[in-house]
Amino acid sequence: MTAPFIPPPPHFPGGPAPGRPAPDLPGPPAPSVLAVCSGKGGVGKSTVALNLAVALAGMGERVGLLDADLHAPDIPLMLGLARKAPARSWTLARAGGFDRTPLEPVEHSGVLVMSTGFIIAEDQALAWTAELVEALLRQLLWSTRWGPLDRLVIDLPPGTSDLVQAVFRLLPGAGAVVVVTPQDAAHLDTRRMLTALRTAGGRILGGIENMSGLDCPHCGTRISVFPPVARERSVWAAGVPRLAEVPMDAEGAEPVVLASPDSARGKALRAAAGAVRDADRPGATPTVTGPG
Ligand SMILES: Nc1ncnc2c1ncn2[C@@H]1O[C@H](COP(=O)(O)OP(=O)(O)OP(=O)(O)O)[C@@H](O)[C@H]1O
Ligand SMILES: [Mg+2]
């Protein structure tokens, strides 16, 4: 069956023409930027972003991890770092001037971490207009004292919110790492997001299927937890290379690639980091794994 033609939306408002770098911006904080994204919430973006960053650092890279989820900055929680009161010294610089208020990243598990959660308290409420979102993102990207980095991993909120749009607009070379669970809704919502990303000239490196099954603790057989997703409705059918499959596994503290590197999930996430790194090499043709 051929999918009906749906005209793509215009490129992200205010952004450069598709494939064009935005003018008047500093270069990216690292030569390689990986933006971990999904159309759906709760599929494991933050877990994957954290473990990719730590695994890449374990391969000898200097890695920064930016938790850019304004409404649910989960990386500090996963690492046991949380701010109870608003940061006193932090001022949001609007247009320009974003290098006057340096932000110190926290080093954890071999990675330099910066999070909206470090500057906004857990119960601090802010009304985020698109302009404020972009100003905050610019600060996080360019006021953070990253030092020299080989790679910056960005954990994004779900969907195509102002923040997600701003990331791809401000960092036109960023490679999208798409996370899905093997569920219809995750694939369909992510396909919608991919249409917007592609129209905006985004570079899609590939996808990671998270919670892709469960290894039976008794016999080790991998069990499918969700009903199968029809191939034609999947992101794989929409041309996203499947880079890795990460099983469901509640064992082990985060980051699991450090805490339990030889668990099924630890191994799969280390393999995912290698696959993402290979897919991000200039001119790489990603290896597609699984039945895809
Ligand atoms: N492979 C897995 N096996 C078991 N639990 C997992 C796995 N991946 C993620 N989880 C758990 O699922 C929950 C959601 O994961 P996570 O916060 O990474 O998702 P997210 O996509 O970042 O969510 P949000 O959209 O809210 O930012 C967490 O409790 C996490 O520990
Ligand atoms: Mg998250």
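Residues numbered from 1 in each chain as written. Chains lettered and ligands numbered in written order. Predicted model: local features only at pLDDT ≥ 70, side-chain atom pairs only at ≥ 80, totals over all residues. Heavy atoms only, no water.

J.: Help me understand the overall build of the protein in this model?
T.: The number of helices and strands found in the protein is eight helices and nine strands. The buried share of the protein, reckoned over its 292 residues, is 49%. Partitioning the contacts of the protein with sequence separation of at least 6, the portion at a separation of at least 24 is 80%. By element, 56% of the accessible surface of the protein is carried by carbon and sulfur atoms, the whole surface being about 13500 Å². (Helix = DSSP H or I, 4+ residues; strand = E, 2+ residues; numbered from the N terminus. Buried < 20%, exposed > 50% of the residue type's maximum accessible area, 1.4 Å probe, protein only. Contact = heavy atoms within 4.5 Å. Areas by Shrake-Rupley, 256 points an atom, 1.4 Å probe, with all protein chains shown as cover.)

J.: How should the packing of helix α4 (residues 130–142) against helix α5 (residues 162–170) be read in this particular structure?
T.: At a minimum axis distance of 9 Å, the contact between α4 and α5 shows a crossing angle of 50°. With respect to each other, α4 and α5 are oriented oblique. For the crossing formed where α4 meets α5, the hand is right-handed. Of the residues in α5, those touching α4 at Ala130, Val133, Glu134, Leu137, Arg138, Leu141 and Trp142 are Asp162, Leu163, Ala166, Val167, Arg169 and Leu170. Taken together, the residues that form the contact of α4 with α5 break down as nine nonpolar, no polar and four charged. (Axes fitted to C-alpha atoms, helices over the stretch in contact; angles between N-to-C directions. Parallel < 35°, antiparallel > 145°, perpendicular 65-115°, else oblique. Left-handed = near helix turned anticlockwise from the far one by under 90°. Nonpolar A, V, L, I, M, F, W, Y, C, P; charged D, E, K, R; others polar.)

J.: Could you clarify how one ought to interpret helix α6 (residues 184–199) in this entry?
T.: The terminal C-alpha atoms of α6, which comprises 16 residues, lie 23 Å apart, in line with the 22 Å expected from a rise of 1.5 Å per residue. Ala186, His187, Thr190, Met193, Leu194, Ala196, Leu197 and Thr199 are the residues of α6 that are buried. As for α6, its buried residues are in contact with β1 (32–37), α5, β6 (175–180) and β7 (203–215). (Expected span 1.5 Å × (residues − 1).)

J.: Would you mind showing me how to read the side chain of Asp155 here?
T.: In this fold, Asp155 is placed in strand β5 (residues 151–155). Although Asp155 lies buried, it forms no salt bridge, and the closest oppositely charged side chain, Lys45, sits 6.3 Å away as judged by the N-O distance. Among the polar contacts made by the side chain of Asp155, one reaches the side chain of Ser46 at a distance of 2.6 Å. In contact with Asp155, not counting residues within four places along its chain, are Val36, Lys45, Ser46, Ala49, Leu66, Asp67, Ala68, Asp69 and Ile75. (Lys, Arg positive; Asp, Glu negative; His and termini not counted. Salt bridge = Lys/Arg side-chain N within 4 Å of Asp/Glu carboxyl O. Polar contact = N/O pair within 3.5 Å; in protein donor to acceptor, adjacent residues only side chain to side chain.)

J.: What am I meant to see in the pairing of strand β9 (residues 242–248) here?
T.: For a regular strand, side-chain orientation follows a simple rule: the groups alternate between the two sheet faces. Extensive coverage of β9 is indicated by the burial of five of its seven residues. Inspection of the sheet shows β7 paired to β9 by five bridges, in the parallel sense. Within β9, the residue paired with Leu214 across the bridge is Met248. (Pairing = 2+ DSSP bridges.)

J.: Would you explain unusual backbone geometry in this entry?
T.: Most peptide bonds take the trans configuration, and most residues that are not glycine carry a negative phi. Glu254 connects to Pro255 through a cis peptide bond whose omega is -5°. For Pro255, the location among the structural elements is in the loop between β9 and α7 (256–259). Although it is not a glycine, Ser109 adopts a positive phi angle of roughly 55°. Tracing the sequence through the fold places Ser109 in the loop between β3 (106–108) and β4 (111–115). You can call Ser109 partly exposed: its relative accessible area is 23%.

J.: Mind showing me how you'd approach the site of ligand 1 here?
T.: Not every one of the 17 residues close to ligand 1 is listed here, only the nearest: Lys45, Ser46, Thr47, Asn210 and Asp249. Interatomic distance of 2.7 Å between a side-chain N/O atom of Lys45 and an oxygen atom of ligand 1. Residue Ser46 places a main-chain N or O atom 2.8 Å away from an oxygen atom belonging to ligand 1. Notes on ligand 1: free accessible area 640 Å², of which the protein chains cover 73%. Listed by contribution, the elements that provide at least two residues to the shell around ligand 1 are α1 (45–58), β7 and β9. Ranked by residues supplied to the shell around ligand 1, first place goes to α1 with three residues. (Near = heavy atom within 4 Å.)

J.: Help me understand the environment of Gly80 in this model?
T.: Mapped onto the elements of the fold, Gly80 is located in the loop between α2 (75–78) and β3. For Gly80, a relative accessible area of 66% gives the class exposed. Each C-alpha atom, one on Gly80 and one on Glu254, is 9.5 Å from the other, the two residues being 174 residues apart in sequence.

J.: Any chance you could explain the nonpolar core here in plain terms?
T.: Leu66, Ile154 and Leu156 are the most contacted members of the largest nonpolar core, which has 79 residues in total. Counting residues per element, this core draws most heavily on α1, at nine residues. When near neighbours in sequence (up to four residues on either side) are disregarded, Leu66 contacts Met114, Leu137, Leu140, Leu141, Trp146, Leu152, Val153, Ile154 and Asp155. (Core = buried A, V, L, I, M, F, W, Y, C linked by side-chain atoms within 4.5 Å.)

J.: Could you clarify how one ought to interpret the side chain of Asp249 in this entry?
T.: If you trace the backbone, Asp249 turns up in the loop between β9 and α7. Other than its neighbours up to four places away in sequence, Asp249 contacts Ser263, Ala264 and Arg265.

J.: Honestly, the confidence of the model for the protein in this entry has me stumped. Any pointers?
T.: For any part of a model where pLDDT is low, the fine detail of the predicted coordinates should not be relied upon. Per-residue confidence for the protein gives a mean pLDDT of 85, with 81% of residues at or over 70. Within the model, the stretch residues 1–19 combines pLDDT values under 50 with 27 contacts to residues more than four positions away or in other chains. (pLDDT = per-residue confidence, 0-100.)

J.: When you look at the environment of Ala135 in this model, what are you seeing that I'm missing?
T.: Turning to its location among the elements, Ala135 is positioned in helix α4. Residue classification places Ala135 among the buried residues on the basis of a relative accessible area of 6%.

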